[in-house]
Number of protein chains: 2
Amino acid sequence: MNKKCLYVVGIGPGQYSDMTIKSAKVLNSCDVIVGYTVYCDLVRPMFEDKKFISTPMMKEEERVRLALEEADKGKKVALICSGDAGIYGLLGLVYELGTEYPKVEIKASTGVTAAISGGAVLGAPLIHDFCCISLSNRLTPFELIEKRLRAAAQTDMVIVLYNPESKSRSGFLKKACEILLEEIEEERVCGIARNIGRDGEDSQVCTLAELKDTPVDMFSTVFVGNSSTRNIMGLMVTARGYQSER
Amino acid sequence: MNKKCLYVVGIGPGQYSDMTIKSAKVLNSCDVIVGYTVYCDLVRPMFEDKKFISTPMMKEEERVRLALEEADKGKKVALICSGDAGIYGLLGLVYELGTEYPKVEIKASTGVTAAISGGAVLGAPLIHDFCCISLSNRLTPFELIEKRLRAAAQTDMVIVLYNPESKSRSGFLKKACEILLEEIEEERVCGIARNIGRDGEDSQVCTLAELKDTPVDMFSTVFVGNSSTRNIMGLMVTARGYQSER
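Keep in mind that this is a model prediction, so the values were computed, not measured.

Enquirer: Could you give an account of the nonpolar core, naming the residues involved and the relevant values?
Expert: In this structure, Ile133(A), Leu149(A), Leu211(A), Ile133(B), Leu149(B) and Leu211(B) are the most contacted members of the largest nonpolar core, which totals 52 residues. Residues within four places of Ile133(B) in sequence aside, it is in contact with Asp129(A), Met157(A), Tyr88(B), Ile145(B), Arg148(B), Leu149(B), Ala152(B), Ile159(B), Val160(B), Leu161(B) and Tyr162(B). One finds Val9(A), Leu27(A), Ala78(A) and Tyr39(B) within the second-largest nonpolar core, a separate group that totals 38 residues.

Enquirer: I'd love a proper account of the environment of Thr238(A), names of residues and values included.
Expert: Relative to the assigned elements, Thr238(A) resides in strand β13 (residues 235-238). Since its relative accessible area comes to 0%, Thr238(A) is described here as buried. Filtering out sequence-adjacent residues up to four positions away, Thr238(A) remains in contact with Ala124(A), Pro125(A), Ile127(A), His128(A), Val158(A), Asn226(A), Ser228(A), Thr229(A) and Glu96(B). Within the structure, the side chain of Thr238(A) is placed 2.7 Å from the backbone oxygen of Pro125(A), a separation counted as a polar contact.

Enquirer: How would you summarise the packing of helix α6 (residues 142-154) of chain B against helix α7 (residues 172-181) of chain B if you had to cite specific residues and measurements?
Expert: In a pair of packed helices, the angle between the axes and the distance between the axes together describe the arrangement. All names here are of chain B. Between α6 and α7, the least distance of the axes is 9 Å, while the angle of their chain directions is 45 degrees. Considering their axes alone, α6 and α7 lie oblique with respect to each other. Of the two possible hands of crossing, α6 and α7 adopt the one that is right-handed. In this structure, α6 uses Phe142, Glu146, Leu149, Arg150 and Ala153 to contact α7, whose residues at the interface are Phe172, Lys175, Ala176, Ile179 and Leu180. Residues that form the contact of α6 with α7 fall into these classes: seven nonpolar, no polar and three charged.

Enquirer: Can you explain the pattern of salt bridges? Please cite residues and give values.
Expert: All names here are of chain A. In total, this model carries 34 salt bridges over all chains according to the counting rule given. Residue Asp41 is joined to Arg44 by a salt bridge in which the shortest nitrogen-to-oxygen separation is 2.7 Å. Relative accessible area serves as the criterion here: at 32%, Arg44 is assigned to the partly exposed category. Glu60 serves as the salt-bridge partner of Arg138, at 2.9 Å between the closest nitrogen and oxygen. Of this pair, Arg138 sits in the loop between β7 (130-134) and α6 (142-154) while Glu60 sits in helix α3 (residues 60-72), and the two are 78 residues apart along the sequence. You can call Arg138 partly exposed: its relative accessible area is 31%.

Enquirer: Describe the pairing of strand β8 (residues 158-162) of chain A, naming the residues involved and giving the relevant values.
Expert: All names here are of chain A. Of all five residues making up β8, five are buried, and the element is well covered by its neighbours. Covered by surrounding structure in β8 are Val158, Val160 and Tyr162 together with Ile159 and Leu161, the residues of both alternating faces. As paired elements, β7 and β8 share five bridges and run parallel to each other. Counterpart to Cys132 in the pairing with β8 is Val160.

Enquirer: Residues and numbers for the packing of aromatic side chains, please.
Expert: Working definition: an aromatic ring pair is given by the centre-to-centre distance plus the angle between the planes. Residues and elements named next belong to chain B. Per the stated rule, a full pass over the model turns up eight aromatic pairs over all chains. Between Tyr16 and Phe47, the aromatic rings sit 6.3 Å apart at their centres with planes inclined by 50 degrees, giving tilted as the arrangement. With Tyr16 in the loop between β1 (4-10) and α1 (21-29) and Phe47 in the loop between α2 (37-43) and β3 (51-55), the pair connects residues that are 31 residues apart, well separated along the chain. Looking at Tyr16, the relative accessible area reads 36%, which means it is partly exposed. For the ring pair Tyr88 and Tyr162, a centre distance of 4.8 Å and an interplane angle of 45 degrees mean the geometry is tilted. Taken together, the residues span a long stretch of sequence, with Tyr88 in the loop between β4 (77-81) and α4 (91-98) and Tyr162 in strand β8 (residues 158-162) at a distance of 74 residues. We classify Tyr88 as partly exposed; its relative accessible area is 22%. Looking at Lys175, its charged tip hangs above the ring of Phe142, at a distance of 4.4 Å from the centre.

Conventions used here
Residues numbered from 1 in each chain as written. Chains lettered and ligands numbered in written order. Predicted model: local features only at pLDDT ≥ 70, side-chain atom pairs only at ≥ 80, totals over all residues. Heavy atoms only, no water. Core = buried A, V, L, I, M, F, W, Y, C linked by side-chain atoms within 4.5 Å. Buried < 20%, exposed > 50% of the residue type's maximum accessible area, 1.4 Å probe, protein only. Contact = heavy atoms within 4.5 Å. Helix = DSSP H or I, 4+ residues; strand = E, 2+ residues; numbered from the N terminus. Polar contact = N/O pair within 3.5 Å; in protein donor to acceptor, adjacent residues only side chain to side chain. Axes fitted to C-alpha atoms, helices over the stretch in contact; angles between N-to-C directions. Parallel < 35°, antiparallel > 145°, perpendicular 65-115°, else oblique. Left-handed = near helix turned anticlockwise from the far one by under 90°. Nonpolar A, V, L, I, M, F, W, Y, C, P; charged D, E, K, R; others polar. Salt bridge = Lys/Arg side-chain N within 4 Å of Asp/Glu carboxyl O. Pairing = 2+ DSSP bridges. Phe/Tyr/Trp six-rings, centres within 6.5 Å; stacked < 30°, edge-to-face > 60°. Lys NZ or Arg CZ within 6 Å of the ring centre and 35° of its normal.

Keep in mind these numbers describe shape, not what the thing actually does.
What follows is the structure in structure tokens.
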């Protein structure tokens, strides 16, 4: 007897070759793929024979319940997230709501998150301690986001900004840069990766002062270097530490 | 005419299926694979026909130069790192030293880092803002590491500890826990993932007080939750934010 199972799958930035071998295998083995419309559209051409159930932005709880219910009916279901399902993804909510579906076993399949795929496009910004901070204030007060930005800057950690802006949160990156400029210098090396692994992929290395006035959208990931991050031949490269071995 | 090229490849935690499709393809297409002995041993059974050049621990600069020189001779070379080469990996050093080998083009192929693979083993600890902090004081003064630990705890970020201990740094995790216990409560949900994706894989969810006295080694990755991290059916699960949508 096969146990009922819901796979929660990180698809990486978007291209088939950026997926883990396991995630590609899991998607191949499933009957139904559930996800946010944009991610379903990314994956559909690679898995044309599957049934897709896509739901619009937000509505995460609805999407997760839908996937759990399909799995509870005995279907082999994959719920997809961009990047990794465990980094700002739906995996947590699946475990929370999954307690209501005790017959459904939950299995995660990992993927490459935007900090990694965007980092590789920009150079090597994350060679030393870093934090990932989402600028979305949908479920987190902006005061706490501000505290985290200051704490990271004051202790010289590289910062990766997820969800830097969206249509309803225009001006958030500028606000974040203004906070950071109170803690670190204007010339700090920064980078933006846009549409990583997708049509229109684009990246840019700049200073913090320039970053403040650079337009971004919800498909951008932003990197703020630490004091040892350098612009090497147009790439953003962070040193391995503060004491040289050379 | 083919340009000379050095691939810098993240192999993920260790199993073939946890690699990205691209990283597996790149390794397949190379003549020579260069890496730290332990990582070469992990990968060798999957790519038996390749020439392997392994170098012992530390000696990172030597390893990188060796790879660049092989590539400069016209060989198709992959330099491998565990996890992702851009997260505490050798990619930065490759770009730094690569300026001395102007004919060698450097290409990165991403992999799943221990924060992701370890997170998936433990549950979903990284659903909200987090930082990765290495406890190695080889190139970073411990005072700065301590500041980062306090800053992360004070601003309620989830913390992932890389390199929690090694033979020469025994007692470092205990020291880090003592610092964190001055900032956050004893019952904070924590987790340890050991030998992720390798023989002897093992994980454990515990409290911060328990973590303090738990033995770890250089193949362990440690997670300290934020105030909304819960132990759900033995898994470490962080909430998506502080305001509920339900």
